[in-house]
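Here is what each chain is made of, one letter per residue.
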Amino acid sequence: NCQAFTDTVSTYSGAQELPNHSRFVAVGGIYTVIQTKARLTCEEWGENYFLVGPYMESSVRTQVELIEPCNAALRRTIDKMNSSGCKVYFGRWLIEGSPYVILLDVGFTAWSLDRWKSELWENCSIGVPWFDREANDAILFGFLTAWLLGEYAAQCDEPPHIVAHFHEWLAGLGLVLCRQRQLPVATIFTTHATLLGRYLCAGNVDFYNNLAEFNVDKEAGDRQIYHRYCLERAAVRCTHVFTTVSQITAIEAEHLLKRKPDIVTPNGLNVKKFSAMHEFQNLHAQSKARIQEFVRGHFYGHLDFNLDKTVFLFIAGRYEFSNKGADIFLEALARLNYLLRVNHSDVTIIAFFIMPARTNNFNVETLKGQAVRKQLWDTAQTVKEHFGKKLYESLLVGQLPDVSKMLDKEDFTMMKRAIFATQRQCLPPVCSHNMLEDSSDPILNCIRRIGLFNTAQDRVKVIFHPEFLSSTSPLLPMDYEEFVRGCHLGVFPSYYEPWGYTPAECTVMGIPSISTNLSGFGCFMEEHIADPSAYGIYILDRRYCGVDESCNQLTSFLFQFCQQSRRQRIIQRNRTERLSDLLDWRYLGRYYVSARHMALAKAFPDTFIYEPQEPTSATGFRYPRPASVPPSPAHSLHSSPHHSEAEDEEEPYDEDLEAEKDRVNIRQPFNMPNRNKNQTVSLPEKN
């Protein structure tokens, strides 16, 4: 499959061997999809799987080991292209599976851009303006990819059967050229999000209610992306097999790209199970403690709430205020704040917004808070040492200590100075950084409108961290995975989300999440689980409800979650983690296998046959019990890092009952039957 080292440039392709000298090649696309799926694909095809992408020196230095090609035909292909004015590199991508990569130096062949643009216009009537550098790179990469595939086919000793899988419009031109040149290549094109759909939703258009009404040519032209749209639509029309990542994107593609996808290929993850009981619960407790330390510093002088009764929510991803649902999340937080106050709740909510924006540095007040927290900790440790030494000496002489004499004046003076240092004249900051466009920032302006300023009366506190998390940060030194594990609930009320890896990542880590029925992940879970909320997957209705009604529903989800006891949250995390197998590439990768076989049957009908399979029963199945789940209610009671106070017995956890719920509620993922000697393959159950 294909992957890019950047978010904008088309990326990797791959080749694998099938029977009768078949090869599999994939080009372009989404980083996480290709990176996580590479191990599974390598296990299936071994050293006959190759990824193809653009050469980027900075990425190659740290992520690729350059080596000599192992395949004789491929070695001849690369030598021929290098002698013809190209720069082609070969190596191993240093990720799980260590797949081979073929890297094409796009900049080195920029001298051919005008000639290739003319050829594109003459053969496909697609013109690309000179100022669109991204589209220019896509042209160079597309022609180089088609050159590579054509040369490889010519260098093979026997006629090969090549399957080329192209991801996204940036890599799509290579597919079009393969068909135009009639190369022996079976093609697959996957769109992870339609180009026009992303632009329309970013412009606050009533997208889903008007899908059938858009004049796609006019809309693309108005946004100056008509040439890009033409490249994407040409790839969709030319490919043997067209796939998308979710049913909601399939509907979108049918209206905007004018072709119904042949197969839906959901995105998966590499799921790793823990060998120790409740290890993921222990990791949650450890990461939560680190977040609590940050909160102690951030709210110094205003720490008038109980951290043991504080719930951490978060939203993360690209800073797309409406598409990612940050607007509806903030409005729901304001309503939740009102509900908690009028109900005199002792629960405090801290909502983190992890979305990168333009900043110039950390907020001074935020950094000061962490320094004050550290100073208080050092003071407490010093006083503790003095107290411990005097206590020890008193016990040595056989006397009970006089507590009133254990601390001297210096100790009291030190503690008073530390207390005075915590005095604060301003409220805890909402934003952890200095924003370059503070007055026009959507999140900050919405916070000003709803009045969530982290006052003592607010039961909902907000922290906007406009930078991706890093373990080297002086402010919040945590990686994203550690941070997610420490939170209680991920909130992703997206309006436009073709798949949604953030809630999927929460699921495999045992963290409940809120998604929507306009996201691929939400639709997938609704289809495969009878009652997603019982497993900590809350699906917000943004497709058939108005904004205000959806906001009320989100507020209700949040309020119900806040009312859960600690014991109930532990049980819910157990249930959430049980869904991780449903998102494993071991299951979902088989949709890609089916797409490849379908493409082979269409491109080489004399050699390959593809027989559709009738959908199987939608009944559930019994998962193998995750290692992190306790074998009995009694064991479960004491396996968490800390015992719950008086609530341990209020909701028992019975493993047999949980397994029975799984059997009834969870649909079996698609199982791909083995290929027979005649290359007969089967269609997956409808997704």
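How each quantity is defined
- Per-chain numbering applies: the sequence of each chain, read as written, is numbered from 1 onward.
- With pLDDT at 70 or above as the cut-off, local features in this predicted model cover only qualifying residues; side-chain atom pairs require 80 or more to be listed or tallied, and sums for whole chains, interfaces and linings still use all residues.
- With hydrogens and water stripped out, all remaining heavy atoms of the structure feed into the side-chain values.
- UniProt positions are given in the numbering used here, feature names are shortened, and annotations may be inferred rather than shown by experiment.
- In plain words, nonpolar cores are sets of buried Ala, Val, Leu, Ile, Met, Phe, Trp, Tyr and Cys residues tied together by side-chain atoms within 4.5 Å.
- Here the term buried applies to any residue with accessible area under 20% of the maximum for its type, exposed to any over 50%, and partly exposed to those in between, with areas from a 1.4 Å probe on protein chains only.
- The way it works is that DSSP assigns letters per residue, a run of H or I at least four long becomes a helix, a run of E at least two long becomes a strand, and they are numbered from the N terminus.
- All the domain ranges listed were derived from an automatic or database domain assignment.
- Contacts were defined at the residue level, with two residues in contact if any of their heavy atoms lie within 4.5 Å.
- A pair of Phe, Tyr and Trp rings is counted when the ring centres sit within 6.5 Å of each other, with Trp represented by its six-membered ring. The angle between the planes then sorts it: under 30 degrees is stacked, over 60 is edge-to-face, the rest tilted.
- In this scheme, the term charge over a ring applies when either NZ of a lysine or CZ of an arginine sits within 6 Å of the ring centre and within 35 degrees of the ring normal.
- Orienting the strands away from the viewer, one traces the path from the first strand over the helix to the second; a clockwise path indicates a right-handed crossover.
- Each salt bridge in this description consists of a side-chain nitrogen of Lys or Arg and a carboxyl oxygen of Asp or Glu lying within 4 Å of one another.
- Should DSSP find at least two bridges between two strands, the strands are taken to pair.

Labelled according to an unreviewed UniProt entry, the chain appears under the name Glycogen [starch] synthase, originating from Sinocyclocheilus rhinocerous. Under the heading Sequence similarities (unreviewed entry), UniProt records this for the chain: "Belongs to the glycosyltransferase 3 family." What UniProt states about the chain under its Catalytic activity (unreviewed entry) heading is, verbatim, "[(1->4)-alpha-D-glucosyl](n) + UDP-alpha-D-glucose = [(1->4)-alpha-D-glucosyl](n+1) + UDP + H(+)".

A. Inspection of the nonpolar core at higher detail. In this structure, Ile102, Ile139, Phe166, Leu173, Leu196, Phe207 and Tyr208 are the most contacted members of the largest nonpolar core, which totals 72 residues. Sorting elements by how many residues they give to this core places helix α5 (residues 133-155) first, with 12 residues. Shared between two domains, this core holds at least three residues of each, these being domain 1 (2-10 + 25-264) and domain 2 (278-362 + 429-582). When sequence neighbours within four positions are dropped, the list of residues in contact with leucine 173 reads Leu120, Ala138, Ile139, Gly142, Phe143 and Leu231. Leu330, Ile354, Met355 and Phe561 belong to the second largest nonpolar core, which has 67 residues in total.

B. Main features of the environment of arginine 590. Take arginine 590: it is sitting in helix α21 (residues 585-603). On the basis of relative accessibility, which here comes to 26%, the residue arginine 590 falls in the partly exposed class. Sequence spacing of arginine 590 and proline 266 is 324 residues, and the spatial spacing of their C-alpha atoms is 9.9 Å.

C. Just the packing of aromatic side chains, in detail. One pass over the structure, following the stated rule, counts 26 aromatic pairs. Judged by centre distance (4.9 Å) and plane angle (80 degrees), the ring pair of phenylalanine 207 and tyrosine 208 falls under edge-to-face. Both residues of the pair, phenylalanine 207 and tyrosine 208, belong to the buried class. Taking 6.0 Å as the distance between ring centres and 75 degrees as the angle between the ring planes, the aromatic pair formed by tyrosine 319 and phenylalanine 464 counts as edge-to-face. Here tyrosine 319, found in the loop between β11 (310-316) and α12 (326-342), pairs with phenylalanine 464, found in strand β15 (residues 460-465); they are 145 residues apart in sequence, far enough to count as distant. By way of ring pairs, the aromatic residues Phe294, Phe312, Phe314, Phe352, Tyr480, Phe483 and Phe492 are connected into one cluster. Looking at lysine 37, its charged tip hangs above the ring of tryptophan 585, at a distance of 6.0 Å from the centre. The ring of tyrosine 587 has arginine 586 sitting right over it, with the charged end atom 5.3 Å from the ring centre.

D. The arrangement of the pairing of strand β7 (residues 161-167) in detail. Burial within β7 is extensive, with 7 of its 7 residues counted as buried. Across the two faces of β7 the burial is the same, with His161, Val163, His165 and His167 and Ile162, Ala164 and Phe166 all buried. Since β7 and strand β8 (residues 185-191) lie parallel, the crossover through helix α6 (residues 169-180) that links them has a hand, and here it is right-handed.

E. Main features of the pattern of salt bridges. Applying the stated criterion across every chain yields a total of 32 salt bridges. Residue arginine 318 pairs with glutamate 320 through a salt bridge whose shortest N-O separation is 2.9 Å. Residue classification places arginine 318 among the partly exposed positions, given a relative accessible area of 41%. The class for glutamate 320 is buried, based on a relative accessible area of 18%. Residues participating in the shared-partner salt-bridge network are Glu331, Arg335, Arg449 and Asp548.

F. The pairing of strand β17 (residues 513-516), seen in detail. The side-chain alternation of β17 yields two buried faces, one formed by Ser513 and Ser515 and the other by Ile514 and Thr516. Since strand β16 (residues 489-491) and β17 lie parallel, the crossover through helix α17 (residues 501-508) that links them has a hand, and here it is right-handed. Relative to strand β18 (residues 537-540), β17 runs parallel, the two being bridged by 4 bridges. Residue pairing in the sheet places threonine 516 in a bridge with leucine 540 of β18. In this fold, β17 hands off to helix α18 (residues 520-528), which returns the chain to β18; that crossover is right-handed.

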